[in-house]
Amino acid sequence: ITWTFAHEEVQGSVQDRYAQKFKEAIEAKTDGAVKIDVYPVGQLGDGANQVELLQNGAIQLGINNPGSVGTLVPETNLFSLHFLLPSDMDKAHELVNNSEAMEMLNQKYLEKNMKVLGWFPEGYQMWTGNKKITEPADFEGFKIRTMASPVISESYKTYGADPTPIPYMEVYSSLQLNMIDGQVNPIFAIEEMKFYEVQDYMMLSNQAIFVGTFVANDLFWDSLSAARKEQVKAAADEATAYILGAQKDLNATRLESIKENSEMEIVELTPAQREKFKEASLPAREFYVEKYGEDAGEILEMLLEDVAKITK
Ligand code: 6CS
């Protein structure tokens, strides 16, 4: 039997490595009774298409992210808030897997036909631009490409920017044609999508962490035997444990490669500069709670409590 696994990134990316690891693990555990076909982004449509295919069961497994699911599962927009997760990557990884807030959030995914099998940080979100950005005022009128989530938009509006949603695969050409001034993504993605060729600056802004979500179609999941479910869970856990080190390595080596092979200037923000962005971004939290209601607020509070505990 063959299961289809779609993700939203190119070959060799963090999501692709996760998918390949899962494939290897589940094929081994089932002695080849289960085979996985991995489809990277583009082959089955863009991120939003893939979410739809997963929801209606046309594909069994997939990786998406809060940015592409935010209009469907409003509560997941909390990951689009800035300065929320601890900047220590190991702690962030631990939290998205073990905070009680995640159980409540996973329930929201289930209501939209997605059974969550794993969460994993993919790297810090960094800004690239045709100008240097070191304080919120630098964002005034700046056209930044983001994913199409209301909370991402709101977060950039708090800085005075003009957020513009564009499909991932069109970002490079939009930058090249100066239709937008900048974009935001983890370093590994800035490298593999070659954004460094068409941007002058990369700010090590680290205002958020990009998280991926490994999900199964719910009816497909329900159709599996208890033994098969255990194998799938174990394989997912293996992939989740593996990806922490893999994404750290990938982001680090690709930063070096950008430094060596491109003209793009790398701008490190000071703690004081980051603090100003943090203060400016806080109204987006109120926006999230007001717009999405009680459960969203409770999930945010639970997560913030766990962040406080783990960073103490
Ligand atoms: O910015 C985006 O749209 C995409 N970025 C990454 C790193 N993964 C998938 C997502 O679609």
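Residues numbered from 1 in each chain as written. Predicted model: local features only at pLDDT ≥ 70, side-chain atom pairs only at ≥ 80, totals over all residues. Heavy atoms only, no water.

Undergrad: How should I be thinking about the domain arrangement of the protein in this particular structure?
TA: How big an interface is tends to be reported as the loss of accessible area on association of its parts. Taken domain by domain, the protein holds domain 1 (2-122 + 209-255) and domain 2 (126-207 + 261-311). Computed from C-alpha atoms alone, the centre-to-centre distance between domain 1 and domain 2 is 22 Å. Listed as interface residues are 40 residues of domain 1 and, on the opposing side, 42 residues of domain 2. Where domain 1 touches domain 2, the interface holds three salt bridges. (Domains from an automatic or database assignment. Contact = heavy atoms within 4.5 Å. Salt bridge = Lys/Arg side-chain N within 4 Å of Asp/Glu carboxyl O.)

Undergrad: I would appreciate a short explanation of the pattern of salt bridges in the present structure.
TA: Between side chains of opposite charge, pairing is possible as soon as their charged atoms come close. Inspection of every chain in the model, using the stated rule, returns 12 salt bridges. Across the pair Lys29 and Glu238 runs a salt bridge, and its minimum N-O distance is 2.7 Å. Of this pair, Lys29 sits in helix 1 (residues 14-29) while Glu238 sits in helix 10 (residues 226-261), placing them 209 residues apart in sequence. In this structure, the salt-bridge partner of Lys108 is Asp295, at a minimum N-O distance of 2.6 Å. Residue Lys108 is found in helix 5 (residues 100-111), and its partner Asp295 is found in helix 12 (residues 283-311); the two are separated by 187 residues along the sequence. Given a relative accessible area of 28%, Asp295 falls into the partly exposed group. Each of Glu75, Lys108 and Asp295 takes part in salt bridges that share partners, so that together they form one network. (Helix = DSSP H or I, 4+ residues; strand = E, 2+ residues; numbered from the N terminus. Buried < 20%, exposed > 50% of the residue type's maximum accessible area, 1.4 Å probe, protein only.)

Undergrad: Would you take a moment to explain the layout of surface pockets for this structure?
TA: It is the rolling of a water-molecule-sized probe over the atoms that shows where space remains empty. Of the voids in this model, the largest pocket is the one considered here, and its volume is about 710 Å³. Surrounding the largest pocket, 43 residues form its lining, Asn65, Gly67, Ser68, Met147 and Ala148 being those nearest its centre. Put simply, the parts of the chain that give the lining of the largest pocket at least two residues each are helix 2 (47-55), helix 3 (66-69), strand 6 (143-146), helix 6 (150-157), strand 8 (182-185), helix 8 (187-192) and strand 10 (209-217). Broken down by element, the lining of the largest pocket gets its largest block of residues, five residues, from helix 2. (1 Å grid on protein atoms, 1.4 Å probe; cavity = no way out; pocket = protein on both sides within 12 Å on 5 of 7 lines; lining within 4 Å. Points joined across faces, edges and corners; volume = space filled by probe spheres on them.)

Undergrad: Would you mind going over the site of the ligand with me for this structure?
TA: Around the ligand, the surrounding shell consists of Glu8, Glu9, Asn65, Arg145, Met147, Tyr168, Asn185, Pro186, Phe188, Ala189 and Phe210. One of the side-chain nitrogen or oxygen atoms of Asn185 is found 2.9 Å away from a nitrogen atom of the ligand. Expressed as a share of its isolated accessible area of 300 Å², the protein-covered part of the ligand is 96%. For the ligand, the cavity whose grid points lie within 2 Å of the majority of its atoms is the largest pocket. For the shell around the ligand, the class distribution of residues is six nonpolar, two polar and three charged. (Near = heavy atom within 4 Å. Polar contact = N/O pair within 3.5 Å; in protein donor to acceptor, adjacent residues only side chain to side chain. Areas by Shrake-Rupley, 256 points an atom, 1.4 Å probe, with all protein chains shown as cover. Sits in = over half its atoms within 2 Å of the grid points. Nonpolar A, V, L, I, M, F, W, Y, C, P; charged D, E, K, R; others polar.)

Undergrad: What is the right way to read empty space enclosed by the protein from this model?
TA: Overall, the coordinates contain one cavity of 30 Å³ or more when judged by the stated rule. Considering only enclosed or pocket space, the largest cavity measures out at about 40 Å³ in volume. Around the largest cavity sit Ala6, Gln50, Val51, Leu54, Ile59, Gly62, Ile63, Asn64 and Val215, which together line it. Mapped onto the lining of the largest cavity, the elements with two or more residues apiece are helix 2 and strand 3 (61-64).

Undergrad: Whenever I open this one, the sheet that holds strand 5 (residues 126-129) confuses me. Can you help?
TA: Strand pairing within a sheet occurs via backbone hydrogen bonds; the two strands may be parallel or antiparallel. With respect to topology, six strands assemble into an open sheet ordered 7-6-8-5-9-11, the strand pairing being mixed. Unpaired on one side and paired on the other, strand 7 (162-165) and strand 11 (265-268) mark the two borders of the sheet. Neighbour to neighbour, the strand axes of the sheet diverge by 25 degrees on average, direction disregarded. Where strand 9 (residues 201-204) and strand 11 come together, four bridges link them in parallel fashion. Looking across to strand 11, one finds that Leu204 is bridged to Glu268. (Pairing = 2+ DSSP bridges. Axes fitted to C-alpha atoms, helices over the stretch in contact; angles between N-to-C directions.)

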